[in-house]
Amino acid sequence: MNLNIGELRVGLVGVGLLGSALAERLIQHDVSIIGFDIDSARMDALTAMGGVTSDSPGHVFKSCNCVLLSLPTSDAVSELLSQNASVIPRDSTIVDTTTGNPEHMSTIGQSLQRLGIQYVEANVAGSSEQVRTGDVTLFLGGDATTVTRMKPLLKAITDKHFYLGPVGAASRFKLIHNLLLGLHRATLAEGLTFAESLGFSPQTTLEILQQTPAASAVMENKGPKMVAGDYALQARLSQHLKDVRLILAQAESTGAKTPLSKIHKTLLEYAEHRGFGDADNSAIMEAYRRKPNVEIKKRP
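The shown structure was predicted, so the numbers you read here are calculated from the model rather than taken from an experiment.

A word on the nonpolar core
By size, the foremost hydrophobic cluster in this structure holds 28 residues, and its most contacted members are Val 10, Leu 26, Ile 33, Val 95, Met 150 and Leu 153. Secondary structure elements with two or more residues in this core: strand 1 (10-13), helix 1 (17-28), strand 4 (66-69), strand 6 (118-125), strand 7 (137-141) and helix 8 (151-157). For this core, the element with the most residues is helix 1, which contributes five residues. Counting 23 residues, the second largest nonpolar core, distinct from the first, contains Leu 188, Val 218, Tyr 231 and Val 244.

Laid out in structure tokens, this is it:
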């Protein structure tokens, strides 16, 4: 039986790009959020959008029967849950939006199940800006009954869900998605800089290509940012590099051939080396330039 969304006391640990967008989306749907982040500025932002802040992740777990996690890696998730295992209510549910190592996620799910805690993977396909509008897709993994029970919360985020199987399945599918999405960005950046080298304006090139069979959602979303050199953050380049490393590790374990992803990893590492790791992932454009096209803005 599905929960009524009003029955959920929802917590959030990790109020970064994705976490803050999830909080904003849920608050728009009248879901009360109590959150924690180690960054005080992020906590202030959560308060400003109508959320409640907590002084520790342990307090979030104790106060809520459903906690969303939005952390950088599965290692960070594992460490957080290990440190707080004793205070997590045994009948609660953890919904993890972290893009992590599928094997780690499976291990986390098994450990929580032994404690009587339900664990759902909810990997987000889309940027933080798209989360705010609900224009994203969720890849779901976990116990099917638990996933069904959590549908009211998941529908508040987006109407587009795909249940893929036990814990670990969603993380594996998210890597497939990110492989294709990242390579589309890299291909677009290569095409635009190639056009520029042949004497065509990147802006004109983009406008024409958007009206041809080469058009794509990536071209629509990231093309204008690449052309303008506008790398205001929607999804961090270094975070995608982490994902590509996970993709290559999975490919090695299964024997899959991923030569383009190996090249992609080199391009992302080069862009990161040039100072664009904390920029939007559209800054892959700068991996193709001899000199950065924009002034690199350091994080405060």
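Some thoughts on the packing of helix 10 (residues 202-209) against helix 11 (residues 217-228)
Helix 11 packs onto helix 10 with a crossing angle of 170° between their chain directions and a minimal axis gap of 10 Å. One element, helix 10, and the other, helix 11, form an angle in the roughly antiparallel class. On helix 11, the residues that touch Pro 202, Gln 203, Leu 206 and Leu 209 of helix 10 are Met 219, Gly 223, Pro 224 and Val 227. Of the residues assigned to the contact of helix 10 with helix 11, the class counts are six nonpolar, two polar and no charged.

A closer look at the pattern of salt bridges
Applying the stated rule across the entire model yields 13 salt bridges. Between Asp 278 and Arg 236 there is a salt bridge, and its shortest N-O distance comes to 3.4 Å. Taken together, the residues Asp 278 in the segment after helix 13 (259-276) and Arg 236 in the loop between helix 11 and helix 12 (237-254) connect sequence positions 42 residues apart. By sharing partners, the salt bridges in this structure join Glu 24, Glu 129 and Arg 132 into a single network.

Here we look at the sheet that holds strand 1
As summarised here, the arrangement of the eight strands in space is 3-2-1-4-5-6-7-8, forming an open sheet in which the pairing is mixed. The outermost strands of the open sheet, each flanked by one partner alone, are strand 3 (52-53) and strand 8 (160-163). Sheet topology places strand 7 next to strand 8; four bridges connect them, and they run parallel. From the neighbouring strand, Leu 138 faces strand 8, where its bridge partner is His 161. Seen against the sheet, helix 4 (residues 74-84) touches strand 1, strand 4, strand 5 (93-96) and strand 6 and runs at an angle of roughly 145° to strand 4. Helix-sheet contacts for helix 5 (residues 102-114) involve strand 5 and strand 6, and the interaxial angle to strand 6 is about 150°.

The rules behind these values
Residues numbered from 1 in each chain as written. Predicted model: local features only at pLDDT ≥ 70, side-chain atom pairs only at ≥ 80, totals over all residues. Heavy atoms only, no water. Core = buried A, V, L, I, M, F, W, Y, C linked by side-chain atoms within 4.5 Å. Buried < 20%, exposed > 50% of the residue type's maximum accessible area, 1.4 Å probe, protein only. Helix = DSSP H or I, 4+ residues; strand = E, 2+ residues; numbered from the N terminus. Axes fitted to C-alpha atoms, helices over the stretch in contact; angles between N-to-C directions. Parallel < 35°, antiparallel > 145°, perpendicular 65-115°, else oblique. Contact = heavy atoms within 4.5 Å. Nonpolar A, V, L, I, M, F, W, Y, C, P; charged D, E, K, R; others polar. Salt bridge = Lys/Arg side-chain N within 4 Å of Asp/Glu carboxyl O. Pairing = 2+ DSSP bridges.

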